[in-house]
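Geometric and topological summary
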Amino acid sequence: MVCPSGQWGKKDDIRNEFSVNFLRQDADTLIIMRKFIKISVFVIILGSLAAGAYFVGARKYAGDYNKIIKLFDEAFVFAKKGGGDMALRKTNLAALESQKFLESPLTKLMKDKDSRALLKARFNLLLSKSYYEMGQYNDDDSLTAQALQIAENYGIAHPSALLEWEIFQKEFIHKINQYSAHYTYTKAADYLQKFISIVEKKANIQVTLKKSFPYLHSVLGKIYIDQRKWADAKAEYEKALSLAEGIPGPGPGPGPGIEEEFYALSYWRLGIVQLKQKQYDDSEKMMKLALERMTNSRRPNNAVLSEIYHNFAEIYKAEGKTDLAGQFFNKSLEWHEKAFGAESPKLLHVLIDYATHLKSIGSADQAKLLEDRARSIEKEASRAVASPESQKD
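Residues numbered from 1 in each chain as written. Predicted model: local features only at pLDDT ≥ 70, side-chain atom pairs only at ≥ 80, totals over all residues. Heavy atoms only, no water.

Here's the deal with the overall build of the protein
- Summing up its helical and strand segments, the protein has 15 helices and 0 strands in all.
- Of all 393 residues assigned to the protein, the portion counted as buried reaches 39%.
- Carbon together with sulfur atoms contributes 58% to the accessible area of the protein, which is approximately 22900 Å² in total. (Helix = DSSP H or I, 4+ residues; strand = E, 2+ residues; numbered from the N terminus. Buried < 20%, exposed > 50% of the residue type's maximum accessible area, 1.4 Å probe, protein only. Areas by Shrake-Rupley, 256 points an atom, 1.4 Å probe, with all protein chains shown as cover.)

Considering the pattern of salt bridges
- What the rule picks out here adds up to 22 salt bridges.
- Between Lys 175 and Asp 140 there is a salt bridge; the shortest N-O distance is 2.4 Å. Here Lys 175, found in helix 6 (residues 159–181), pairs with Asp 140, found in helix 5 (residues 137–153); they are 35 residues apart in sequence, far enough to count as distant.
- You can call Lys 175 buried: its relative accessible area is 0%.
- Assessed through its relative accessible area of 0%, Asp 140 is described here as buried.
- Residues Glu 259 and Arg 299 are paired through a salt bridge, measuring 3.0 Å at the closest nitrogen-oxygen approach. Residue Glu 259 is found in the loop between helix 9 (230–245) and helix 10 (260–276), and its partner Arg 299 is found in the loop between helix 11 (280–296) and helix 12 (302–318); the two are separated by 40 residues along the sequence.
- Via salt bridges that share partners, Glu 259, Glu 261, Arg 298 and Arg 299 belong to a single interconnected network. (Salt bridge = Lys/Arg side-chain N within 4 Å of Asp/Glu carboxyl O.)

Focus: the nonpolar core
- Formed by 82 residues in total, the largest nonpolar core has its most connected members in Trp 165, Phe 168, Phe 172, Ile 176, Leu 192, Phe 195 and Ile 308.
- Sorting elements by how many residues they give to this core places helix 7 (residues 185–203) first, with 10 residues.
- Excluding residues that lie within four positions of it along the chain, Phe 195 makes contacts with Leu 148, Trp 165, Phe 168, Gln 169, Phe 172 and Leu 216.
- Counting residues in hydrophobic clusters, the runner-up holds 19 residues, among them Ile 68, Phe 72, Ala 94 and Tyr 131. (Core = buried A, V, L, I, M, F, W, Y, C linked by side-chain atoms within 4.5 Å. Contact = heavy atoms within 4.5 Å.)

Some details on the packing of helix 4 (residues 113–133) against helix 5
- Where helix 4 meets helix 5, the axes come as close as 8 Å, and the angle between the chain directions of the two elements is 160°. The angle between the axes of helix 4 and helix 5 places the two elements in the roughly antiparallel class. Taken as a pair, helix 4 and helix 5 cross one another with a handedness that is left-handed. Seen from helix 4, the contacting residues are Ala 117, Leu 118, Lys 120, Ala 121, Asn 124, Leu 125, Leu 127, Ser 128, Tyr 131 and Tyr 132; seen from helix 5, they are Tyr 137, Asp 139, Asp 140, Leu 143, Thr 144, Gln 146, Ala 147, Ile 150 and Ala 151.
- Taken together, the residues that form the contact of helix 4 with helix 5 break down as 12 nonpolar, 4 polar and 3 charged. (Axes fitted to C-alpha atoms, helices over the stretch in contact; angles between N-to-C directions. Parallel < 35°, antiparallel > 145°, perpendicular 65-115°, else oblique. Left-handed = near helix turned anticlockwise from the far one by under 90°. Nonpolar A, V, L, I, M, F, W, Y, C, P; charged D, E, K, R; others polar.)

Some thoughts on unusual backbone geometry
- A positive phi is found at Tyr 183, a non-glycine position, where the angle reads about 65°.
- Its place among the elements puts Tyr 183 in the loop between helix 6 and helix 7.
- With a relative accessible area of 64%, Tyr 183 lands in the exposed category.
- Even without a glycine there, the phi angle at Lys 278 is positive, about 65°.
- Tracing the chain through its elements places Lys 278 in the loop between helix 10 and helix 11.

Some points on the packing of aromatic side chains
- In total, this model carries 23 aromatic pairs according to the counting rule given.
- Plain terms: the ring middles of Phe 168 and Phe 195 are 6.1 Å apart, the flat faces sit at 55° to each other, and that makes the pair tilted. Placement of the pair is Phe 168 in helix 6 and Phe 195 in helix 7, with a sequence separation of 27 residues. This pair shows no difference in class: Phe 168 is buried, exactly as Phe 195 is.
- Between Phe 312 and Tyr 316 the ring centres are 6.1 Å apart and the planes differ by 15°, which places this aromatic pair in the stacked class. Residue Phe 312 and its partner Tyr 316 are located together in helix 12, separated by 4 residues, close to a single helical turn. Grouping residues by exposure puts Phe 312 and Tyr 316 together as buried.
- Grouping aromatic residues by their ring pairs yields a cluster made of Tyr 61, Tyr 65, Phe 72, Phe 101 and Phe 123.
- One cation-aromatic arrangement involves Arg 293 over Tyr 263; the distance from NZ or CZ to the ring centre is 4.2 Å.
- Lying over the aromatic face of Trp 335, Lys 338 brings its terminal NZ or CZ to 4.3 Å of the ring centre. (Phe/Tyr/Trp six-rings, centres within 6.5 Å; stacked < 30°, edge-to-face > 60°. Lys NZ or Arg CZ within 6 Å of the ring centre and 35° of its normal.)

Remember, this is a structural readout, not a statement about activity or role.
Okay, here's the thing in structure tokens:
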């Protein structure tokens with residue numbers, strides 16, 4: 001069959017036009033791809049430079065931060081050694097450098113507004129500790145009050161701020177412990193109660209803070225024990241334990257979210273309170289729970305175990321169960337030796353109480369051996385305190 005004249009020519013034109021359009025589209029695609037690759041490479045290079053700059057900035061920030069913390073530590077050491085001009089100079093230098101650090105462009109780049117505010121609150125606490133050791137109590141009160149005010153006013157929604165809050169909270173507990181160590185229990189209790197009220201408000205927004213409640217109430221309970229406010233201490237420890245039961249664990253389901261050691265210490269101290277209140281049956285129950293929890297904890301504390309056995313002995317002695325009392329006094333002495341060594345002054349109260357018990361049941365010779373040992377330890381401890389070696393920095 002023969003094609004009509006001109007048909008083949010038209011078909012060739014169509015093919016050529018199609019080929020030209022296809023090649024034109026292919027060329028356009030190639031141009032777009034090249035542009036895309038260039039842009040992608042530029043973005044990758046820019047991102048790498050930004051990441052590198054951030055890494056360098058982060059390293060410098062960490063270095064500057066560590067220098068500030070070292071200044072605070074040095075100031076506190078000098079203040080604790082008795083104060084003086086050097087302690088004051090170190091403290092003032094720490095105050096000046098920490099303020100520069102907070103206002104630096106790098107800190108503003110690395111930390112959001114809330115995180116910087118909480119960091120300032122923590123720096124205030126570190127400064128207040130030095131001023132307190134130097135006896136400058138007005139400065140201490142002012143800085144501590146400012147720290148609490150900052151903690152109350154700034155948010156913790158940002159992950160960085162939440163992390164800074166956790167560090168601030170630990171430092172605040174250290175501050176409370178400083179007051180307790182100097183027997184200023186009323187101030188410690190007042191500040192801690194204010195802090196608990198702040199945490200309660202923030203926990204309505206940030207529920208993870210609820211895990212703090214048991215620990216905070218247990219710290220307050222310990223302050224009340226030191227003040228011999230037995231009813232208040234009992235209320236705080238019962239609240240702490242109740243709150244702990246409601247803290248979810250790390251996995252799915254309602255597993256334990258609080259460590260065994262917390263329960264052990266809380267049961268033990270609640271048992272001490274009940275012992276002081278002469279509630280011997282309740283105290284014995286708490287001591288058994290404390291013993292079980294501490295034995296099963298990840299970090300069994302021999303010092304606490306030794307005291308738990310001593311408290312058992314006191315309970316049984318008060319109840320007139322002399323054989324059991326003797327057994328637990330002896331066990332307490334063994335565990336104290338295990339925890340502190342055979343010549344430690346920390347054995348003195350155990351030796352004296354055990355000796356008193358032995359005399360009460362007519363074992364005067366055994367009691368005298370313990371009393372002689374206690375006198376020897378006490379004499380050696382006094383000599384060690386008075387020796388030139390113990391006076392060295």
